[in-house]
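Listed below, chain by chain, are the residues.
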Protein chains: 2
Amino acid sequence: MGKAWAQEATAFSAAEKYGIRLDRGDIDRAERRLAGRIWRTPVVRSEHLDALAGARLWLKAENLQRGGSFKVRGALLAVEQLATAGSRGVIAQSTGNHAIAVSLAAREYRLPATLVLPSDAAPVKIRRIRETGAEVVLAGTVLADRVAMVEKLRDVHGYDVVDPYENPHVVAGQGTATAELLGETAAKGVPLDAVVVPIGGGSAIAGACLAARGYEVAVVGAEPAAVPAFTAALRERQPVTVAAGHTIADGLRPERIGALPFGLARGSVAEVVTVREPAIAEALRAAFLDARLVIEPAAATALAAALSHAAGFGTDVGVLLSGGNVEPGLVASLLTGHADESRRVP
Amino acid sequence: MGKAWAQEATAFSAAEKYGIRLDRGDIDRAERRLAGRIWRTPVVRSEHLDALAGARLWLKAENLQRGGSFKVRGALLAVEQLATAGSRGVIAQSTGNHAIAVSLAAREYRLPATLVLPSDAAPVKIRRIRETGAEVVLAGTVLADRVAMVEKLRDVHGYDVVDPYENPHVVAGQGTATAELLGETAAKGVPLDAVVVPIGGGSAIAGACLAARGYEVAVVGAEPAAVPAFTAALRERQPVTVAAGHTIADGLRPERIGALPFGLARGSVAEVVTVREPAIAEALRAAFLDARLVIEPAAATALAAALSHAAGFGTDVGVLLSGGNVEPGLVASLLTGHADESRRVP
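Thresholds, definitions, all that
- Residues numbered from 1 in each chain as written.
- Chains lettered and ligands numbered in written order.
- Predicted model: local features only at pLDDT ≥ 70, side-chain atom pairs only at ≥ 80, totals over all residues.
- Heavy atoms only, no water.
- UniProt positions renumbered as here; feature names shortened; annotations may be inferred.
- Helix = DSSP H or I, 4+ residues; strand = E, 2+ residues; numbered from the N terminus.
- Buried < 20%, exposed > 50% of the residue type's maximum accessible area, 1.4 Å probe, protein only.
- Areas by Shrake-Rupley, 256 points an atom, 1.4 Å probe, with all protein chains shown as cover.
- Axes fitted to C-alpha atoms, helices over the stretch in contact; angles between N-to-C directions.
- Parallel < 35°, antiparallel > 145°, perpendicular 65-115°, else oblique.
- Contact = heavy atoms within 4.5 Å.
- Nonpolar A, V, L, I, M, F, W, Y, C, P; charged D, E, K, R; others polar.
- Phe/Tyr/Trp six-rings, centres within 6.5 Å; stacked < 30°, edge-to-face > 60°.
- Lys NZ or Arg CZ within 6 Å of the ring centre and 35° of its normal.
- Core = buried A, V, L, I, M, F, W, Y, C linked by side-chain atoms within 4.5 Å.
- Pairing = 2+ DSSP bridges.
- Salt bridge = Lys/Arg side-chain N within 4 Å of Asp/Glu carboxyl O.
- Arc of directions from axis to C-beta.
- Polar contact = N/O pair within 3.5 Å; in protein donor to acceptor, adjacent residues only side chain to side chain.
- Buried area = accessible area lost by both parts, 1.4 Å probe.
- Right-handed = clockwise from strand over helix to strand, strands pointing away.
- Domains from an automatic or database assignment.

- Chain A has the name Threonine/serine dehydratase in an unreviewed UniProt entry, where Streptomyces pulveraceus is given as its organism.
- Checking UniProt for chain A, the heading Cofactor (unreviewed entry) contains the comment "pyridoxal 5'-phosphate".

Spelled out as structure tokens, the structure:
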């Protein structure tokens, strides 16, 4: 109990630090602040994927979002707040998409930006950041290495940190993706039974839990079996660092859930599905062939969980396709590595 | 003049035969008939593609449509009419997407269907048709071979032909894709300066010309330089059969424009762009990397024309991304055949 309480205190402190209390109203406010600054991404349907899943899937295509992932939502809000407060520049660590998002937001506010990525980051993500004019620093392969580098460089540059997990603006912003999905399907008269969200550092699932308040919808997390950080945190009742195995889902490699997201999500998540690597690869391929969408492995992890479990969740299941920044070479190998088309379910 | 008149007479006869006069009102009626039966596909934006084009591109993502292309629109209307009239079954020739669309529509109306494709048709398209339970017949590699096979089999089976070019229901249905694009952008307060549409047999461009009536928008056609059937028809003032070179744009291989589409489009098309093979390949790759969309080479032909010429058309240019039924192996080879990422424009 002591540990659980400590986590709640951490979450509360984080919220106090940033001057924002997180509830459903924050998602609504975030949506209004973002209006006209991001794409309204579509909810895509595919009869083929429905047949594979045994349920109707409603795919929130945030791979089509600015910067190629939903992370631009939170980054725009967080950087806006810092810019308004007179920031000299921003720095963030990330496996890639949060860094792309922060670099885009910094460019819009004419702030210099430094982004710290792992040395094994997807090259396409590094390239996207450099295209904005921001600086990329590579640091180790684990979260602790990146965090240490951010601490070191923040003081050198005098920059403000845009934390991908502990910043309430970021969490509220990420939640707007799920809010749009729930709102759009409800407007069609299709109340979703569940929404499946990938879990990396936890901002997506925490935002989804906030967005789901007021809806009768189960929030389901999906994480790679190779990096079961949320599953471990639920078991230990606090974020813990897990030994990360290899996963193609580079965006879900953080081996520890953020304290703020965990505090928000742990009592609200209905289920966490761990997904094995072959299923992630197959879901990415199915999105390509059957939904004509280019998604990255993190998004494919959520889709894989939905393809395997959606029928158990209900008749209508949302999936947050979180991003589309995938290595072309990885997609090519997945496409050509499955030459036998005949085994696929129609 | 005599020849041009003859073509007009042919177009008129076709319209009379099917009991439908084609004008802008037919597009509106087609939209109402299709409501709820097709996906409302999104209009996708990409800042990267805008930068490449030098204009804002509005991508009508019909690769996300049912059956993977806009052709389901016309097929549903044409097959509905035949089913209502007591048809025993349907037969159609196509390079692939019209055949997929007819097979889907036939399944909905519980009609047997036979589809005649070229022997070099994309395997993914053949597979999609067989998944619906329809019969596939392969016949030669040129339009005349497929038409002859349709004539032969229609009498054997007692089926009704769903012509991909000369059927006004088909043309009106295809026009609804452009109508949605023009309507959605106008509703956003963005009148398009031009809309770029791929040209195969001509139903897309003819439908676009109908849909554009009442808008101040230039309708631009795009066809492979290897199969310049519309360019040749404009020069000869009537559809002519051209010697078809090889193109990866399998959907644009018909080497002759239909008489009905030509009659509708020739006086309304502002410009026809012929696109060379490397540009088609590069546009397909750009759609993948920069818009996260899987498109087939026919759609990439329109995108390529827009990337090269949009700045000359105006500030806001629509593109009909007609379909996404592409061979995975072709995409893989295009992705890995361009290993040097650094040469790309940000």
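There is more to say after this.
**Some remarks on the overall build of chain A**
Line of reasoning, step 1. Scanning chain A from terminus to terminus reveals 14 helices and 10 strands.
Line of reasoning, step 2. Based on the C-alpha atoms only, the size of chain A along its principal axes is roughly 60 × 40 × 40 Å.
Line of reasoning, step 3. Per-residue burial for chain A yields a buried fraction of 63% across its 346 residues.
Line of reasoning, step 4. When the accessible surface of chain A is summed, it comes to about 12,000 Å², and 53% of that surface belongs to carbon and sulfur atoms.

**Here's the deal with the packing of helix H12 (residues 277-291) of chain B against helix H13 (residues 297-313) of chain B**
Residues and elements named next belong to chain B.
Line of reasoning, step 1. The N-to-C vectors of H12 and H13 enclose an angle of 95°; their axes lie 8 Å apart at closest approach. Here H12 is positioned roughly perpendicular relative to H13, judged by the angle of their axes. The residues of H13 that touch H12, namely those facing Ala279, Ile280, Ala283, Leu284 and Ala287, are Pro297, Ala300, Thr301, Leu303, Ala304 and Leu307.
Line of reasoning, step 2. Class assignment of the residues belonging to the contact of H12 with H13 gives a composition of 10 nonpolar, 1 polar and no charged.

**Notes on the packing of aromatic side chains**
All names here are of chain B.
Line of reasoning, step 1. Applying the stated criterion to the full structure yields 3 aromatic pairs over all chains.
Line of reasoning, step 2. Between the aromatic rings of Phe230 and Phe262, the centroid separation amounts to 5.7 Å while the plane-to-plane angle is 65°, which identifies the pairing as edge-to-face. Highlighted residues: Phe230 in helix H10 (residues 229-236) and Phe262 in helix H11 (residues 259-265), separated in sequence by 32 residues.
Line of reasoning, step 3. By relative accessible area, which is 1% here, Phe262 ends up buried.
Line of reasoning, step 4. Lying over the aromatic face of Trp58, Arg45 brings its terminal NZ or CZ to 4.2 Å of the ring centre.

**Re the nonpolar core**
Soluble globular proteins: nonpolar side chains tend toward being buried together.
Line of reasoning, step 1. Counting 94 residues, the largest nonpolar core has Leu57, Leu293 and Leu303 of chain A together with Leu57, Leu293 and Leu303 of chain B as the members making the most contacts within it.
Line of reasoning, step 2. When near neighbours in sequence (up to four residues on either side) are disregarded, Leu293 of chain B contacts Leu64, Arg292, Leu293 and Val294 of chain A together with Val44, Ala61, Asn63, Leu64, Ala287, Phe288 and Leu321 of chain B.

**Structural notes on the environment of Gly202 of chain A**
Line of reasoning, step 1. Mapped onto the elements of the fold, Gly202 of chain A is located in the loop between strand S7 (194-198) and helix H9 (203-212).
Line of reasoning, step 2. Taking C-alpha positions, Gly202 of chain A is 9.5 Å from Leu264 of chain A, a pair spaced 62 residues apart along the chain.

**What about the sheet that holds strand S10 (residues 316-321) of chain A?**
All names here are of chain A.
Line of reasoning, step 1. The mixed open sheet is built from 6 strands, whose spatial order is S1-S2-S10-S7-S8-S9. Looking at which strands have only one partner, the edges of the open sheet turn out to be strand S1 (43-44) and strand S9 (269-275).
Line of reasoning, step 2. As judged from the 6 bridges shared by strand S2 (residues 56-61) and S10, these two strands associate in the parallel manner. Across the sheet, residue Arg56 finds its bridge partner in S10, namely Asp316.

**Section: helix H6 (residues 123-131) of chain B**
Line of reasoning, step 1. Where H6 of chain B is concerned, the buried positions are Val124, Lys125, Ile126, Arg127, Arg128 and Ile129 of chain B.
Line of reasoning, step 2. On its buried face, H6 of chain B sits against helix H3 (47-53) and helix H12 (277-291) of chain A together with helix H5 (97-108), strand S4 (113-117) and strand S5 (135-138) of chain B.
Line of reasoning, step 3. Taken from the residues just after H6 of chain B, Gly133 of chain B is the one with a positive phi, measuring 95°.

**Details of the pattern of salt bridges**
Oppositely charged side chains may form a pair once their charged atoms are brought near each other.
Line of reasoning, step 1. Applying the stated rule across the entire model yields 44 salt bridges over all chains.
Line of reasoning, step 2. What emerges from the salt-bridge pattern is a single network uniting Lys60, Glu62, Arg73 and Glu180 of chain A.

**Quick look at helix H2 (residues 24-34) of chain B**
Residues and elements named next belong to chain B.
Line of reasoning, step 1. Turning to H2, its buried residues number three or more, namely Arg24, Asp26, Ile27, Ala30 and Leu34. The arc enclosing the buried residues of H2, seen along the axis, measures out at 155°, which places them on a common side.
Line of reasoning, step 2. Buried residues along H2 sit against helix H4 (71-84), helix H8 (168-187) and helix H9 (203-212).
Line of reasoning, step 3. One side-chain oxygen at the N-terminal end of H2 lies 2.9 Å from the backbone nitrogen of Gly25; it belongs to Asp23.
Line of reasoning, step 4. Count one or two residues on from H2 and you reach Gly36, which has phi positive near 85°.

**Some thoughts on the environment of Ala179 of chain A**
Residues and elements named next belong to chain A.
Line of reasoning, step 1. Looking at where Ala179 falls in the secondary structure, it is placed in helix H8 (residues 168-187).
Line of reasoning, step 2. Relative accessible area serves as the criterion here: at 4%, Ala179 is assigned to the buried category.
Line of reasoning, step 3. On a C-alpha basis, the gap between Ala179 and Gly314 in space is 19 Å, while along the polypeptide they are 135 residues apart.
Line of reasoning, step 4. Discounting chain neighbours no more than four positions away, the residues touching Ala179 are Arg24, Ile27, Glu31 and Ala211.

**As for the interface of chain A and chain B**
Line of reasoning, step 1. Taken together, the 32 residues of chain A in the interface contact 32 residues of chain B.
Line of reasoning, step 2. Approximately 3,000 Å² of surface area, both sides summed, lies buried where chain A meets chain B, with 60% of it carried by carbon and sulfur atoms.
Line of reasoning, step 3. If you look at where chain A meets chain B, you find 4 salt bridges.
Line of reasoning, step 4. Across the pair Arg66 of chain B and Glu47 of chain A runs a salt bridge whose closest N-O atoms are separated by 3.1 Å.
Line of reasoning, step 5. Mapped onto the side of chain A that touches chain B, the elements with two or more residues apiece are H3, helix H6 (123-131), H12 and helix H14 (328-336) of chain A.
Line of reasoning, step 6. Per-element accounting of the side of chain A that touches chain B gives the leading share, 5 residues, to H14 of chain A.
Line of reasoning, step 7. Looking at side-chain class alone, the side of chain A that touches chain B contains 14 nonpolar, 8 polar and 10 charged residues.

**Concerning the pairing of S4 of chain B**
Successive residues of a regular strand alternate their side chains across the two faces of the sheet.
Residues and elements named next belong to chain B.
Line of reasoning, step 1. Within S4, 5 of the 5 residues are buried, which leaves the element mostly enclosed by the surrounding structure.
Line of reasoning, step 2. Along S4, one buried face is formed by Ala113, Leu115 and Leu117 and the opposite face, lined by Thr114 and Val116, is buried too.
Line of reasoning, step 3. As judged from the 4 bridges shared by strand S3 (residues 90-93) and S4, these two strands associate in the parallel manner. The residue bridging Gln93 from the neighbouring strand is Val116, located in S4.
Line of reasoning, step 4. Handedness of the crossover joining S3 and S4 through H5: right-handed.
Line of reasoning, step 5. In the classification by handedness, the crossover that spans S4, the intervening H6 and the parallel S5 is right-handed.

**Some points on the side chain of Gln65 of chain A**
Residue and element names in this part refer to chain A.
Line of reasoning, step 1. When you line up the elements, Gln65 lands in the loop between S2 and helix H4 (71-84).
Line of reasoning, step 2. Given the relative accessible area of 2%, Gln65 is considered buried.
Line of reasoning, step 3. What Gln65 contacts, discounting residues up to four positions off in sequence, is Ile38, Trp39, Thr41, Phe70, Val72 and Arg73.

**A look at the domain arrangement of chain A**
Residue and element names in this part refer to chain A.
Line of reasoning, step 1. Domain boundaries assigned for chain A yield domain 1 (2-69 + 174-343) and domain 2 (71-161).
Line of reasoning, step 2. Measuring from the centre of the C-alpha atoms in domain 1 to the corresponding centre in domain 2 gives 22 Å.
Line of reasoning, step 3. With 29 residues of domain 1 in contact, the opposing surface of domain 2 contributes 23 residues.
Line of reasoning, step 4. Buried surface at the junction of domain 1 and domain 2, both sides included, amounts to about 2,300 Å², of which 44% is carbon and sulfur.
Line of reasoning, step 5. Ranking the residues of domain 1 by area buried against domain 2 places Arg37, Arg66 and Gln174 at the top, with a combined share of 25%.
Line of reasoning, step 6. Put simply, domain 1 and domain 2 have 8 salt bridges between them.
Line of reasoning, step 7. Across the pair Glu180 and Arg73 runs a salt bridge, and its minimum N-O distance is 3.1 Å.
Line of reasoning, step 8. Joining domain 1 to domain 2, the criterion identifies 16 residue pairs in polar contact (both at pLDDT 80 or more).

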